[in-house]
Amino acid sequence: MQVTECAGSKKKHVTVRVLDKGDIKAITKKEYFFDWKAAKKNAEVYKLCLSEDDSIIGLVALVDTPTDQRIEIKLLASSVKNMGQGKYTKELPVA
């Protein structure tokens, strides 16, 4: 997957991976607005990382409910440093 850096229109490759225990220490409420340690207890948390340096630019917490055949997005956040003008954007396909 790719995101586009808005300031220079440069495309960057990103990966989505499961947030592991080592990452939790680096995730702060100040940087990502939510208590992701608590979210990890009730949901599967994934990180969006830049491929070039593995820095985390976003997080999402998902809850799978197979009996209802649905997946719920509990939390979704970009890091504070990746918000606003000149940051990253995901190009969505046009239908």
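Refer to the structure above for everything that follows.
Since the model is a prediction, treat every value here as computed from it, not as a measurement.

**Student:** Mind showing me how you'd approach the environment of glutamate 52 here?
**Tutor:** Of note, glutamate 52 is situated in the loop between strand S3 (44-50) and strand S4 (56-65). A relative accessible area of 56% means that glutamate 52 is categorised as exposed. Spatially, the C-alpha atoms of glutamate 52 and lysine 12 are 8.1 Å apart, while their sequence positions differ by 40 residues.

**Student:** What's the story with the packing of aromatic side chains in this structure? I'm lost.
**Tutor:** Ring pairs (aromatic) are described by centroid distance and by the angle formed between their planes. Applying the stated criterion across every chain, the model contains one aromatic pair. Residues phenylalanine 34 and tryptophan 36 carry aromatic rings whose centres are separated by 5.9 Å and whose planes lie at 80° to one another, so their mutual orientation is edge-to-face. Judged by its relative accessible area of 2%, tryptophan 36 is buried.

**Student:** Would you take a moment to explain the pairing of strand S5 (residues 70-78) for this structure?
**Tutor:** The side chains of a regular strand alternate between the sheet's two faces. As paired strands, S4 and S5 are joined by eight bridges and run antiparallel to one another. Its bridge partner lying in S5, valine 63 is registered against glutamate 72. Where S4 folds back on S5, the antiparallel hairpin that results is connected by four residues, among which glutamine 69 adopts a positive phi of roughly 55°.

**Student:** How should I be thinking about the pattern of salt bridges in this particular structure?
**Tutor:** Pairing between side chains of opposite charge can happen when the charged atoms of each approach one another. On inspection of all chains with the given rule, the structure shows six salt bridges. Its salt-bridge partner being aspartate 23, residue lysine 47 comes within 2.5 Å of it at the nearest N-O pair. Of this pair, lysine 47 sits in strand S3 while aspartate 23 is found in helix H1 (residues 21-24), placing the two residues 24 residues apart along the sequence. With respect to class, lysine 47 is no different from aspartate 23; both count as buried. Two residues, lysine 74 and glutamate 72, come together in a salt bridge whose shortest N-O distance is 3.8 Å. On the accessibility criterion, lysine 74 (48% relative accessible area) is partly exposed.

**Student:** Help me understand a nonpolar patch on the surface in this model?
**Tutor:** On the surface, Phe33, Phe34, Val80 and Met83 cluster together into a nonpolar patch covering about 340 Å² of accessible area. In this fold, phenylalanine 34 is placed in the loop between helix H2 (29-32) and helix H3 (36-42). Among the residues examined, phenylalanine 34 registers a relative accessible area of 32% and is labelled partly exposed.

**Student:** Mind showing me how you'd approach the environment of aspartate 20 here?
**Tutor:** Checked against the element boundaries, aspartate 20 lands in the loop between strand S2 (10-18) and H1. Judged by relative accessible area, aspartate 20 falls into the partly exposed class, the value being 39%. Each C-alpha atom of the pair aspartate 20 and lysine 40 lies 9.7 Å from the other, and the pair is 20 residues apart in sequence.

**Student:** Is there a simple way to explain the nonpolar core in this structure?
**Tutor:** Within soluble globular proteins, side chains that are nonpolar generally end up buried alongside one another. Counting 15 residues, the largest nonpolar core has Leu19, Ile27, Trp36, Ile56, Leu59 and Ala61 as its most contacted members. Sorting the residues of this core by element identifies H3, S3, S4 and S5 as the ones contributing at least two each. Here the element with the most residues in this core is S4; it accounts for four residues. Ignoring any residue separated from it by four or fewer positions in sequence, one finds leucine 59 in contact with Leu19, Ile27, Tyr32, Trp36, Tyr46, Lys47, Leu75, Leu76 and Ala77.

Conventions used here
- Residues numbered from 1 in each chain as written.
- Predicted model: local features only at pLDDT ≥ 70, side-chain atom pairs only at ≥ 80, totals over all residues.
- Heavy atoms only, no water.
- Helix = DSSP H or I, 4+ residues; strand = E, 2+ residues; numbered from the N terminus.
- Buried < 20%, exposed > 50% of the residue type's maximum accessible area, 1.4 Å probe, protein only.
- Phe/Tyr/Trp six-rings, centres within 6.5 Å; stacked < 30°, edge-to-face > 60°.
- Pairing = 2+ DSSP bridges.
- Salt bridge = Lys/Arg side-chain N within 4 Å of Asp/Glu carboxyl O.
- Patch = residues over 30% accessible without salt bridge, like charges linked within 9 Å, V, L, I, M, F, W, Y side chains within 5 Å.
- Areas by Shrake-Rupley, 256 points an atom, 1.4 Å probe, with all protein chains shown as cover.
- Core = buried A, V, L, I, M, F, W, Y, C linked by side-chain atoms within 4.5 Å.
- Contact = heavy atoms within 4.5 Å.

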